[in-house]
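# Secondary and tertiary structure notes
This is what each chain is made of:
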Amino acid sequence: MRSKVKHPWRRRYIVVAALVVVGLAGAAYSAAAAPGTSKAVTLTVDVFGNFGYTDLYKQYEQSHPGVTIKEDTEDYAPHHTSLAQHLATGAGADDIVAIEVGFIAQFAAQSQNFVDLSAYGAKAMKGKYLPWKYEQAVSRNGAVVGLGTDVGSLAICYRKDLFAKAGLPTNRTAVSNLWPTWQKFLAVGKRFQAKAPKNVKFIDSGSNLYNAIIAQQNPAYYDKAGNVIVSTSPKVKTAWNLTMQAIGSGTDAGLSAFSNDWNTGFKKGTFATVTCPAWMMGYIQGQAPKTAGKWDIAAVPGGGGNWGGSFLAIPKQSSHAAEAADLLKFLTSASSQALVFKQTGNLSSQTAVLKSKAVQGFKNAFFSNAPVGQIFATSALRLTPQILGPHQGDFQTAASNAIQRVEQHKQSPAKSWTQFLKDVANAG
Amino acid sequence: MSLELKPAAGSVRAAAPRRPGGLRRRLRRLDTKLSPYLYIAPFFVVFGLFGLFPLGYTAWVSLTDRNLLNPVVHFVGLQNYTALLHDSYFWNAVENTFGIWVISTVPQLLLALALAHLLNTKLRARTFFRMGILLPQVTSLVAVALIFTQLFSHDYGLFNYVLGQFGIDKVNWEAGRLSSWVALSTMVIWRWTGYNALIYLAAMQAIPEELYEAAAVDGARRWRQFIHVTVPMLRPTIIFTVIVSTIGGLQLFTEAYLFQPRPGIATGGSGRQYQTIVMYLYEKAFGSTQFKFGYAAAIAWCLVLLIAVFSLVNYLVVSRIRSAE
């Protein structure tokens, strides 16, 4: 059906292959459609990471005979890059595509490339969503480019066993009470580090700490008018300073998030806390299944915040827009979102689901039976949304690099900050 | 064929003025003149479509502000190039690329020469060894990059483990400038040494035995024979390998791209310590939210120029090897 750009280094061949495949697929399709006998449709869904849709596809295929669903999965960054390419070239995109919040502002700005979902009753969904979540995927001219899947409300995942060894409380309420603010969180870090087991640090990575703090700030990178305000925003500087403090106090393992060493760190228990958006639960379980029962979840310091979460959209180039819209509505429906949360931890973005008993009462055995539903839903319901902008993702990359330069002793915090601002200016 | 054609062509030339109206002759003349071009046309058509056209199109794009997300394109002249010349990240990438090229190519070619020399002696199971050194070449580039990245990882990598056994502190290979260059060069050397060795070997086998005998009569020992007979005779081959590895080395991408701890970001480390030119091109075109195709196209053309100039420099340097004549 489509040639998928999974590995960027294969792009050159893919372009050629894509031309051939598109041609063949077109031919095959007109041949198949000509008799007009069957309504058989293959719908393709392009996601990144794990959206937890496998069971939902089966359900949908059973209730809709003739529909076959195929999912493509890629890594986060290549996924969005190839989507941009497919939109620009007018070919190659799946019928349904996932867009992460870091990219939604950019894609919503090119609404001409997407099916306006209000033609398929999306406006009726407005009241069901967290209001900011719905608005994020609405373009300036009012087109509904995507519908929300999950939100990444925040908590702190921590290792009970390591806390106990360092003489800290392990009960999640007591732990939550230790850190109402990030300052207090850093103080707990110092306490932990003083008695920590050998080779264990309090936090995994400076950039993960920063991401959680920045997610709670509004406005952060962009103001309401859409101007980049990174260099003047006191909130960005606050998040930066807190991160620098954590690094300076020696409580940071300095790992690069999503690296090999970070993944192994989960298995070996080389850090005691991770700032935890809802989707991180699934990641930890996937990386270190043997640490089940050693983890627990406490409230996040500071206010509520959102880190991650996605949308589903239909590119205009899809030849099955109507069928795709139906599937999209099913995948983003309340019942689907509730199921996905139970299976993967990806938290629903619909108010009723967040308040439902199914979510509120849900406990996760891996995280010591923590009432994860209640913790994350509460956090999601009270969080303040952030104003997003098109180059959000680049700023985040630049910030991660800046923090790492300090962690790797390559630059002083002040010099690294200067270079960060330069990178931000270049990205615009 | 040429033997048959020559008299025919001669007679046509001689006969044509006398019988200007001969259609058959004219067709035949056309045939002899045009057919060869037709026979070689397929290559040039394909090359034109997939080689020349993209090259020219890239040159055009480099003169515009083309952006993947923006359908409106403006002609901006040489603006991308002037911006590029003042872009410190571009020069950083150039420096990285050349640095990695030097520490990967020099040892690689010397090692290849030595290996070829060994393989040219009377070894047991010679074919086995000759095939063996080519094995790294047939492994997938991605597999090489992923496995070496694991080996070089800071906390649980094999190299740091071995260093630890000798009481040496862990090296954060990825974080340091020189250390990351060394790591990347290791991948390149591992993959390409055998290939170059085989080329040298083939050339060595073409060196007439008499030259060595004559050298031996003159009293040259093995080392002097190697320096004064083998290396000069290999001169064209050495030039070839140097040029080829220059072209390949300046286009280094996959190894460095996959060496990054965070997937999908093309900055080449937190301080861009190992971002190569092609990685920077990729970052501008695809690896960020910018999609600046015009700028990336300008980088591509600067890379072409760099490769051309640097190949020429290398050619001149290597040509100083005393020729065999």
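Below or above, wherever it landed, is the structure these notes cover. No experiment lies behind these values; they were computed from the predicted model shown. (Residues numbered from 1 in each chain as written. Chains lettered and ligands numbered in written order. Predicted model: local features only at pLDDT ≥ 70, side-chain atom pairs only at ≥ 80, totals over all residues. Heavy atoms only, no water.)

## Details of the side chain of Ser185(B)
Residue and element names in this part refer to chain B. Mapped onto the elements of the fold, Ser-185 is located in helix 9 (residues 177-205). Classification of Ser-185 by relative accessible area gives buried; the value is 3%. Sequence-distant contacts of Ser-185, defined by excluding residues within four places in its chain, comprise Ile-100, Ile-103 and Ser-104. (Helix = DSSP H or I, 4+ residues; strand = E, 2+ residues; numbered from the N terminus. Buried < 20%, exposed > 50% of the residue type's maximum accessible area, 1.4 Å probe, protein only. Contact = heavy atoms within 4.5 Å.)

## Thoughts on the interface of chain A and chain B
Think of interface size as the accessible area that goes away when the parts come together; that is how it is often given. In this assembly, 41 residues from chain A lie in contact with 36 residues from chain B. Summed over both partners, the interface of chain A with chain B buries about 3200 Å², with 54% contributed by carbon and sulfur atoms. Applying the counting criterion to the chain A and chain B interface returns 0 salt bridges. One can count 14 residue pairs in polar contact (both at pLDDT 80 or more) joining chain A with chain B. Those elements that provide at least two residues to the side of chain A that touches chain B are helix 1 (11-33), helix 3 (76-89), helix 4 (101-108), helix 11 (260-268), helix 18 (392-407) and helix 19 (413-427) of chain A. Considering every element that reaches the side of chain A that touches chain B, the biggest residue donor is helix 18 of chain A, with 7 residues. (Buried area = accessible area lost by both parts, 1.4 Å probe. Salt bridge = Lys/Arg side-chain N within 4 Å of Asp/Glu carboxyl O. Polar contact = N/O pair within 3.5 Å; in protein donor to acceptor, adjacent residues only side chain to side chain.)

## Side note on the packing of aromatic side chains
By the definition in use, this model includes 53 aromatic pairs over all chains. With 5.3 Å between their ring centres and 90° between their planes, Trp192(B) and Tyr195(B) make a pair best called edge-to-face. Separated by 3 residues within a single helix, Trp192(B) and Tyr195(B) lie in helix 9, roughly one turn from each other. In this arrangement the basic side chain of Lys133(A) is found over the ring face of Phe311(A), its NZ or CZ atom lying 4.1 Å from the centre. The aromatic ring of Trp295(A) is capped on one face by Arg159(A), whose charged end is 5.8 Å from the ring centroid. (Phe/Tyr/Trp six-rings, centres within 6.5 Å; stacked < 30°, edge-to-face > 60°. Lys NZ or Arg CZ within 6 Å of the ring centre and 35° of its normal.)

## What to know about helix 19 of chain A
With 15 residues, helix 19 of chain A ought to run about 21 Å at 1.5 Å a step, and its terminal C-alpha atoms sit 21 Å apart, in line with that. Looking only at helix 19 of chain A, the buried set comprises Ser416(A), Trp417(A), Gln419(A), Phe420(A), Asp423(A), Val424(A) and Ala427(A). Seen end-on, helix 19 of chain A carries its buried residues on one side only, within an arc spanning 165°. In helix 19 of chain A, the exposed positions angled more than 90 degrees off the buried face are occupied by Ala414(A), Lys415(A), Thr418(A) and Ala425(A). On its buried face, helix 19 of chain A sits against helix 9 (206-215), helix 10 (234-248) and helix 18 of chain A together with helix 4 (88-119) of chain B. (Expected span 1.5 Å × (residues − 1). Arc of directions from axis to C-beta.)

## Some points on the packing of helix 3 of chain A against helix 4 of chain A
Packed helices, taken two at a time, are described by the angle between their axes plus the distance between the axes. Residue and element names in this part refer to chain A. Closest axis-to-axis distance for the helix 3/helix 4 pair is 11 Å, and the angle between their directions is 10°. With respect to each other, helix 3 and helix 4 are oriented roughly parallel. Contacts between helix 3 and helix 4 involve Tyr-76, His-80, Leu-83, Ala-84 and Leu-87 from the former and Gly-102, Phe-103 and Phe-107 from the latter. Among the residues making up the contact of helix 3 with helix 4, the classes are represented as 6 nonpolar, 2 polar and no charged. (Axes fitted to C-alpha atoms, helices over the stretch in contact; angles between N-to-C directions. Parallel < 35°, antiparallel > 145°, perpendicular 65-115°, else oblique. Nonpolar A, V, L, I, M, F, W, Y, C, P; charged D, E, K, R; others polar.)

Structural measurements only, silent on function.
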